[in-house]
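The primary structure of each chain is shown beneath.
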Amino acid sequence: MADIEKITTLLETIEDLAPAGFAIAFHLRLTSSEFQFQTYPKAWMEIYSQNGYVMSDPTVAWAFANTGYIRWSDLADQDVLKIFEQSAPYGMKFGSAIGIEIDDTRSIGGFARPDREYTDQEMEQLQDYIQQLHILTASKTGMDAKLRDDLHELSVRMTHPS
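Describe the overall build of the protein chain, listing the residues and the values that go with them.
Along the backbone of the protein chain there are six helices and five strands. Helices and strands in the protein chain line up, N terminus first, as α-β-β-α-α-β-α-β-β-α-α. When the 162 residues of the protein chain are sorted by exposure, 46% land in the buried category. Look at the contacts in the protein chain between residues 6 or more apart in sequence, and 66% of them connect residues 24 or more apart.

If you want it as structure tokens, here you go:
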């Protein structure tokens, strides 16, 4: 059974690899996720939400349709609303998207940096961490109510820091 310390440690490691923020949705079913963690700048998340960008975001579309990883720059020609360009002033100049599917459930993530492209090694690390978290947060692992509550609380703390 998963414990909150291991999950927290993995998320902190991901934060280090995504200094401009990240958004990860675990165990997607239709359009909702079991757990979601976001650390993108609050001002950007408000713009993203107000404009309903999730429906047009090339990283989301790619991660829903694929497994593995890709750089944002490789998706630029699919960014008709110029979401990448709009996010750059918030420090999100470079990024990657990751899609994972295990046991008929999908998790997706977007990760951003202000300074340079992600290396293949960094994207492989992120993919590995997302895969570990996907497994650790799967309901099939016998997650108890306390862990579920702890994950929801952690999600709120990361998404809405005080």
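Describe the environment of Phe35, and please don't skip the residues or the numbers.
Summarising the element assignment, Phe35 is placed in strand S2 (residues 32-38). Judged by relative accessible area, which is 1%, Phe35 ranks as buried. Sequence-wise, Phe35 and Ala138 are 103 residues apart; in three dimensions their C-alpha atoms are separated by 9.9 Å.

Can you explain helix H2 (residues 42-50)? Please cite residues and give values.
For H2, every residue scored as buried is listed here: Trp44, Met45 and Tyr48. Taken around the axis of H2, the buried residues stretch over an arc of 100°, which confines them to a single face. Along H2, exposed side chains directed more than 90 degrees from the buried face belong to Lys42 and Gln50. Trailing H2 by a residue or two, Gly52 shows a phi angle of about 60°, which is positive.

So what about the pattern of salt bridges? Which residues, and what values?
A complete count under the given rule lists five salt bridges for this structure. Residues Arg71 and Asp120 are paired through a salt bridge, measuring 2.7 Å at the closest nitrogen-oxygen approach. Of this pair, Arg71 sits in strand S3 (residues 68-71) while Asp120 is found in helix H5 (residues 120-136), placing the two residues 49 residues apart along the sequence. The class of Asp120 is partly exposed, set by a relative accessible area of 41%.

Give a detailed account of the packing of helix H1 (residues 4-17) against H5, specifying residues and quantitative values.
In the contact formed by H1 and H5, the axes pass within 10 Å of each other and the chain directions differ by 155°. Regarding the angle of H1 to H5, the classification is roughly antiparallel. When the axes of H1 and H5 are compared, the crossing they make is left-handed. Residues Lys6, Ile7, Leu10, Leu11, Thr13, Ile14 and Leu17 of H1 touch H5, and the partners they reach there are Glu122, Gln125, Leu126, Tyr129, Ile130, Gln132, Leu133 and Leu136.

So what about the side chain of Ser107? Which residues, and what values?
The topology assignment puts Ser107 in strand S5 (residues 105-113). Apart from residues no more than four positions distant in its own chain, Ser107 is found in contact with Ala25, Phe26, His27, Ile98, Gly99, Ile100 and His134.

Go over the sheet that holds S2, please, and point to the residues and values.
Adjacent strands of a sheet pair through backbone hydrogen bonds, lying either parallel or antiparallel. In space, the five strands of this open sheet follow the order S2-S1-S5-S4-S3, with antiparallel pairing throughout. Single-partner strands in this sheet number two, and they are S2 and S3. Adjacent strand axes in the sheet meet at a mean angle of 10°, parallel and antiparallel pairs treated alike. In the sheet, strand S4 (residues 94-102) pairs with S5 via nine bridges, with the strands oriented antiparallel. Considered in S5, the bridge of Ser96 is made with Phe111. Across the face of the sheet, H1 comes into contact with strand S1 (21-29), S2 and S5 while running at roughly 135° to S1. Across the face of the sheet, helix H3 (residues 58-65) comes into contact with S1, S3, S4 and S5 while running at roughly 25° to S4.

What counts as what
- Residues numbered from 1 in each chain as written.
- Predicted model: local features only at pLDDT ≥ 70, side-chain atom pairs only at ≥ 80, totals over all residues.
- Heavy atoms only, no water.
- Helix = DSSP H or I, 4+ residues; strand = E, 2+ residues; numbered from the N terminus.
- Buried < 20%, exposed > 50% of the residue type's maximum accessible area, 1.4 Å probe, protein only.
- Contact = heavy atoms within 4.5 Å.
- Arc of directions from axis to C-beta.
- Salt bridge = Lys/Arg side-chain N within 4 Å of Asp/Glu carboxyl O.
- Axes fitted to C-alpha atoms, helices over the stretch in contact; angles between N-to-C directions.
- Parallel < 35°, antiparallel > 145°, perpendicular 65-115°, else oblique.
- Left-handed = near helix turned anticlockwise from the far one by under 90°.
- Pairing = 2+ DSSP bridges.

By themselves, these are just geometric observations and shouldn't be taken as functional.
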